[in-house]
Structures are given as structure tokens and as C-alpha cells.
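Secondary and tertiary structure notes
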Protein chains: 2
Amino acid sequence: MRKPRPVQPDQSLDSASDSGGSEGNVRAVDRALVILNAFREEDGALPLVEVARRAGLHLTTALRLLGTLESHGFVQRLAVGGYRLGPTLLLLGDRFRRSLRLEDHVMPALERLRAESRESATFFVREGDHRRCVFRLDSPQLVRDHAHVGEVQPLGIGAHGRSLIALDAPAGQRPRLPIVTRGERLREIAAIAAPVLDAAGGVAGSVGISVPLYRFDAAAEALCVPLVMREAVAITRALGGDPAAILN
Amino acid sequence: MRKPRPVQPDQSLDSASDSGGSEGNVRAVDRALVILNAFREEDGALPLVEVARRAGLHLTTALRLLGTLESHGFVQRLAVGGYRLGPTLLLLGDRFRRSLRLEDHVMPALERLRAESRESATFFVREGDHRRCVFRLDSPQLVRDHAHVGEVQPLGIGAHGRSLIALDAPAGQRPRLPIVTRGERLREIAAIAAPVLDAAGGVAGSVGISVPLYRFDAAAEALCVPLVMREAVAITRALGGDPAAILN
DNA sequence: CAATACACTTCCAAAATACGGAAACGCACC
DNA sequence: GGTGCGTTTCCGTATTTTGGAAGTGTATTG
């Protein structure tokens, strides 16, 4: 169990608790990271009290932790008062992405997809039993879905969610690629996605397009399906993978 | 060598060494953040020993800290062994960027710049006495400069470095906009940049194009200069700023 | 203008926490 | 089977973090 209260009598069930475990974790660090996760994009800048409240920390503690985070650029303290996330995160986030060594091949593919379909193009990677959006280019059109790089979504549902596990199925029972869904995970969105393989034969990720459902008629589908397959193959080739496996 | 001295005879003047200060910082957190900064993109995965060495930490300490970082997704432990940066950084980095509330206006502008110039387009924001690359689109051409989102560069040098402080000068002595440099910060790169203003009249950032010097002839300059000015004005307008100040 | 409320900051003693030495473990390579 | 290297567990200690309380400053109210 996590024990939030030091001396306190008992109970409580709130406070921290969200993400990680508490097993063998360095408490101060744990709390600092909880603070970082307390920032949601909607809020411009959070006052100390609010940060402390969200993280379930004593004011003094939050203040000290924020000070340390600030000195490394993980949060910024605004002149007017209040804190927000800091620029070091931008640097590290981009470093993480580059460590995947996908950017050079994936971004051009997404650019082609977006240019030719005029819809949003996205690339997911599997992360345990979830998937994470790692690259994304928004549709140039006004009406589009709104998704963000970094977001986590479930596996098994949605075009990408199924595409990432499509090749896990026994050889005979694999779904037809690309996966096409209509309003499956998000009611008003259709999506087309196909897996991408690396040199080791593993699934490196999933490329695809998402389209507002009302715009996804037969013509749009006929346009998008081959586009997605073409780029899935292109990325797979670029990574040294064997396109045969997705061309079944 | 950095040797903090556990038992500490006296004084201090301390260790800390690299980044932040050590004044009033929570040590465990401080160290954890130093660990994150120890990851450079070049290295795929670092073994524990290497992380500990770079961060100047005892092996045991690094192990514990990495464990905590991992449980929040700030680092990943690869099956084969070794650590690398984790996906949570992607999420937070993007959140930081969105908190600037520039994306909607800046990215389309960069896309137009790149499309019309076929060169790399970049957006910097000022950060104290430095500047940070916040948005960037790479040139579609093979030969181009290599810069990354998140990187910090000096103020006062380079086209963006000067553009960001151009309006700080007294009204009569302001440099002509856009700023055009040839091989100033990077020997083989030319750049064109202009500041962008927000509704408060402050400098929100700097937009521009960078071009390999050998390609930057009179024709290229004649093409790029008006493009950059056009987009600087467009972003300024979108942010509610007054374009007059950059058009003088 | 006094009085109250609220956000933030400083101080400090207590103790819980993180530290790091040592030693065990696992593995590859001799 | 032995040696070297990277990793992990264990554990006593004292360093570090903690959070109560009180102080400062600014806004809000009566």
C-alpha cells in the first residue's frame, strides 16, 4: 500500500496514487514527478496552492520541489506568479523521439499522406498494452480530429489499436490490411491504419490517416486505403523490414 | 572530479557542477534530473554504470533513482539492458509547447515558408539571455542544416539571435528587418529572421528560414526576405499584435 | 481605514528517508 | 573453473526531507 499520511490516524484514499507504484521509489523524486504530471495543457499557469492540491502535497513540500524543478528548467515560474511546464521538457521529449530513430522515415511518409489525402496523418508505437502517438500531422482542413503527440490510447480498439496487434494473430486469421474503422473509438471519426515492420521483423509502429466520418465516403476510402498501404510499405522498406508480411 | 563528500568537513562551495544551482534544492530530485540530462541523443541506450558515471552518482543511487524515473515513464528500461529516455517526456514536452499557445499560428506559417522557399523554417522564443528553438520544419532538400526542436542557442548572434532583440534598441537605431546573416553563427549557413509581436506588444518569438550558404545567392535572398516578413506579419496579426512595429 | 482572507515564503526540530559501503549475483569471456 | 564486469540486494546510519507554525505581502471586504 501507499502510505500517504506520516503520522495521521488513518484513512484517506485520495492524494497521489495516480500513476506509478510506490515500491522502492525515492519519495522526493516520486513526488516531483507527480507534480509534473499535475500540469494539464488547459491551464496556462498554476498557482502554488493549486499544484500542491493536485499533487496531494503540503504547500511547503510543493514549493521546495518546484524550486528544484525550476532550477533545471522542468517548470517555469512566471513573473506574474504561478508555474507551468518548462522548456527542458521540450528538449528531452524530442530526444526521446529521436532515440526511436524513426523520424527520418516516418515524417516524410506522414507528409505525403497528408498532402495527398488532405487529412490528418498519425504514427503510433506500441507501449506495453497501450499505444502512444509519436508523430502526427494535422489535416489542413478546418474540421478534423484533435489528437496530440505523446498521448496514450488503448490497444485493440481503433484502427491503429488493431493494426499494431494485427500480426500477432495466427497466420490464417489475420485481419485484412489496412485496418479501416468507422466511429469505432471516436464516434465521429474514421481511420485507416497499417503496421510497419523493422529489420528484426517486429512491429515498429502503425501509420495511418484519420478522417471525420461525414467526409469518409466511398471515394475517400478508395483514395486513402492504397495511400496508407503504400506508406506502410515504404517505411517498412526504409527500416529494413520485409514488406511481404503486411501485403498478405 | 566532482566529489560531494558525504561526511563533509565543512564549507561547501560545493559540487553540483553542471546545470542548476544547488541552493535550496531537494537533493534526490536534483540528482534525478541530472540523470535525465545525462542522456544525449547519440546514445541509444546507456547501461547503469554509464548513467551513474555521467551523473556523477554512486551506482546504488543511480539504480534507485532510475527505478523511480522508470515507474513514471521518464526513462525506459530496455529488455536487453540499459536505459533510455521515456515516453512521458514526449507528452510533457508537447504540453509545454502547447502552453505557449503559438502552435496554431506558427506551424502553418512555417509550412508556408518551407513550401515556398524549399528551405528549413524555424521559430525561436527568447528564454532569458538565450533563445530556444520551439518549432522547426526541415528543408525537403538533401543538403540542409541540422537543428532540433528544444535546442538552446545564444542571443545576439545569428539571425534569430539578433531578431529577438532587434526591437530592444532605441527607436532610431534599430536594425533593418528582417535580419539577414551569412555564416554568422554557423559558418556555412545563411539565415533570414524577423521578430513576431504579441497583443501586449512584447516579442513573442522569431520566425525565419535557414539556407546552406552556397545556395543563398541574390535570387534566393530576393525570394526569402519578403516571405519571412510576410509570415512575421501574419503571425503577429494572428496573435493580436501590431505589425507596424516590425514594418518600419 | 481597519479587518479579514488568501497566496506565498521562511524557519526549524524531528524522524523518516535516501544514502552508499559491502557483498551476493549473473554472465561473458578466458 | 576462474576472472572481470555490470547489476542487484541488504542494511545501519546520518543526511535530508518533511510539515507545523508563524511571518510577509497583497487583495478583498466591511
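None of these values were measured; they are calculated from a predicted model.

Conventions adopted
Residues numbered from 1 in each chain as written. Chains lettered and ligands numbered in written order. Predicted model: local features only at pLDDT ≥ 70, side-chain atom pairs only at ≥ 80, totals over all residues. Heavy atoms only, no water. Near = heavy atom within 4 Å. Polar contact = N/O pair within 3.5 Å; in protein donor to acceptor, adjacent residues only side chain to side chain. Helix = DSSP H or I, 4+ residues; strand = E, 2+ residues; numbered from the N terminus. Salt bridge = Lys/Arg side-chain N within 4 Å of Asp/Glu carboxyl O. Buried < 20%, exposed > 50% of the residue type's maximum accessible area, 1.4 Å probe, protein only. Contact = heavy atoms within 4.5 Å. Buried area = accessible area lost by both parts, 1.4 Å probe. Nonpolar A, V, L, I, M, F, W, Y, C, P; charged D, E, K, R; others polar. Pairing = 2+ DSSP bridges. Axes fitted to C-alpha atoms, helices over the stretch in contact; angles between N-to-C directions. Parallel < 35°, antiparallel > 145°, perpendicular 65-115°, else oblique. Domains from an automatic or database assignment. Expected span 1.5 Å × (residues − 1). pLDDT = per-residue confidence, 0-100.

Our focus in this paragraph is the protein's contact with DNA strand C. In the vicinity of DNA strand C there are 17 residues, among which A:Arg27, A:Ala28, A:Val49, A:Arg77 and B:Thr61 approach most closely. Atoms of DNA strand C within 4 Å of the protein belong to the sugar or the phosphate in 75% of instances, the rest to bases. Between A:Arg77 and DNA strand C, the recorded distance is 2.2 Å, taken from a side-chain N or O atom to a phosphate oxygen. One nitrogen or oxygen atom from the side chain of B:Arg64 is found 2.8 Å from a phosphate oxygen belonging to DNA strand C. Those elements giving two or more residues to the surface near DNA strand C turn out to be helix H1 (27-37), helix H2 (48-55) and helix H3 (59-71) of chain A together with helix H1 (27-37) and helix H3 (59-71) of chain B.

Turning our attention to the pattern of salt bridges. Counted under the stated rule, the structure contains 32 salt bridges over all chains. Here B:Arg114 and A:Glu111 are joined by a salt bridge, their closest N and O atoms 3.2 Å apart. Of this pair, B:Arg114 sits in helix H5 (residues 103-117) while A:Glu111 sits in helix H5 (residues 103-117), on two different chains. Exposure remark for B:Arg114: the relative accessible area of 14% places this residue in the buried category. On the accessibility criterion, A:Glu111 (26% relative accessible area) is partly exposed. For A:Arg132, the salt bridge identified is with A:Glu127, shortest N-O distance 2.8 Å. Using a relative accessible area of 22% as the deciding quantity, one classes A:Glu127 as partly exposed.

Let us now look at unusual backbone geometry. Residue and element names in this part refer to chain A. Pro178 follows Leu177 through a cis peptide bond whose omega is -5°. Note that Pro178 resides in the loop between helix H6 (159-163) and strand E6 (179-182). Here Arg101, not a glycine, exhibits a phi torsion of approximately 55°, which is positive. The residue Arg101 is located in the loop between helix H4 (88-99) and H5 in this model.

Now for the interface of chain B and chain A. Between chain B and chain A, the contact holds 57 residues from the first and 56 residues from the second. For the pair chain B and chain A, the summed buried surface comes to about 4800 Å²; carbon and sulfur atoms form 62% of the total. When the area that chain B buries against chain A is broken down by residue, the three leading residues are B:His72, B:Leu90 and B:Phe96, summing to 14%. In this structure, the connection of chain B to chain A is made through 2 salt bridges. Where chain B meets chain A, there are 14 residue pairs in polar contact (both at pLDDT 80 or more). Going through the elements one at a time, H1, H3, strand E2 (83-85), helix H4 (88-99), H5 and strand E4 (130-137) of chain B are the ones with two or more residues in the side of chain B that touches chain A. A per-element tally of the side of chain B that touches chain A places H4(B) first, with 12 residues. Split by residue class, the side of chain B that touches chain A holds 22 nonpolar, 18 polar and 17 charged.

Residues and elements named next belong to chain B. The 6 strands are arranged E5-E4-E3-E8-E7-E6 in an open sheet whose pairing can be described as antiparallel. Of all the strands in the sheet, the pair left with one neighbour each is strand E5 (152-154) and strand E6 (179-182). Neighbouring strand axes in the sheet, compared pairwise and without regard to direction, differ in orientation by 30° on average. Looking at chain direction, strand E3 (residues 120-127) and E4 are connected through 7 bridges and run antiparallel. In the sheet register, Glu127 faces E4, and the bridge partner there is His130. Contacting E3, E6, strand E7 (189-197) and strand E8 (203-212), helix H7 (residues 218-238) crosses the sheet at an angle of about 25° to E7.

It is worth spelling out the packing of H1(A) against H3(A) at this point. Residue and element names in this part refer to chain A. The interhelical angle for the contact between H1 and H3, taken along N-to-C directions, is 80°, at an axis separation of 10 Å. What the angle tells us is that H1 and H3 run roughly perpendicular. Between H1 and H3, the residues in contact are Ala28, Arg31, Ala32, Ile35 and Leu36 and Thr61, Ala62, Leu65, Leu66 and Leu69, respectively. Among the residues making up the contact of H1 with H3, the classes are represented as 8 nonpolar, 1 polar and 1 charged.

With that settled, consider the domain arrangement of chain A. Taken as a whole, chain A is organised into domain 1 (27-91) and domain 2 (100-246). Here the C-alpha centroids of domain 1 of chain A and domain 2 of chain A sit 35 Å apart.

This part takes up the protein's contact with DNA strand D. In the vicinity of DNA strand D, 18 residues are found, and the nearest of them are A:His58, A:Thr61, B:Arg27, B:Val49 and B:Arg77. Of everything in DNA strand D that lies within 4 Å of the protein, sugar and phosphate atoms constitute 71%. At 2.8 Å, a side-chain N or O of A:Thr61 approaches a phosphate oxygen of DNA strand D. Between DNA strand D and B:Arg77, the relevant distance is 2.2 Å, taken from a phosphate oxygen to a side-chain nitrogen or oxygen of the residue. Tallied by class, the residues present in the surface near DNA strand D amount to 9 nonpolar, 4 polar and 5 charged.

Residues and elements named next belong to chain A. With 12 residues, H4 ought to run about 16 Å at 1.5 Å a step, and its terminal C-alpha atoms sit 16 Å apart, in line with that. In terms of residue burial, H4 counts as a mostly covered element, since 12 of its 12 residues are buried. When H4 is considered as a whole, its buried residues turn out to be Thr88, Leu89, Leu90, Leu91, Leu92, Gly93, Asp94, Arg95, Phe96, Arg97, Arg98 and Ser99. Where H4 ends, the next residue or the one after it, Arg101, has phi of about 55°, a positive value.

Quick look at the confidence of the model for chain A now. Caution is warranted with low-pLDDT regions, since their predicted coordinates should not be read in detail. Model confidence for chain A is summarised by a mean pLDDT of 89, while 90% of its residues fall at 70 or above. Predicted confidence for residues 1-21 of chain A stays below pLDDT 50, and this span has 13 contacts to residues more than four positions away or in other chains.

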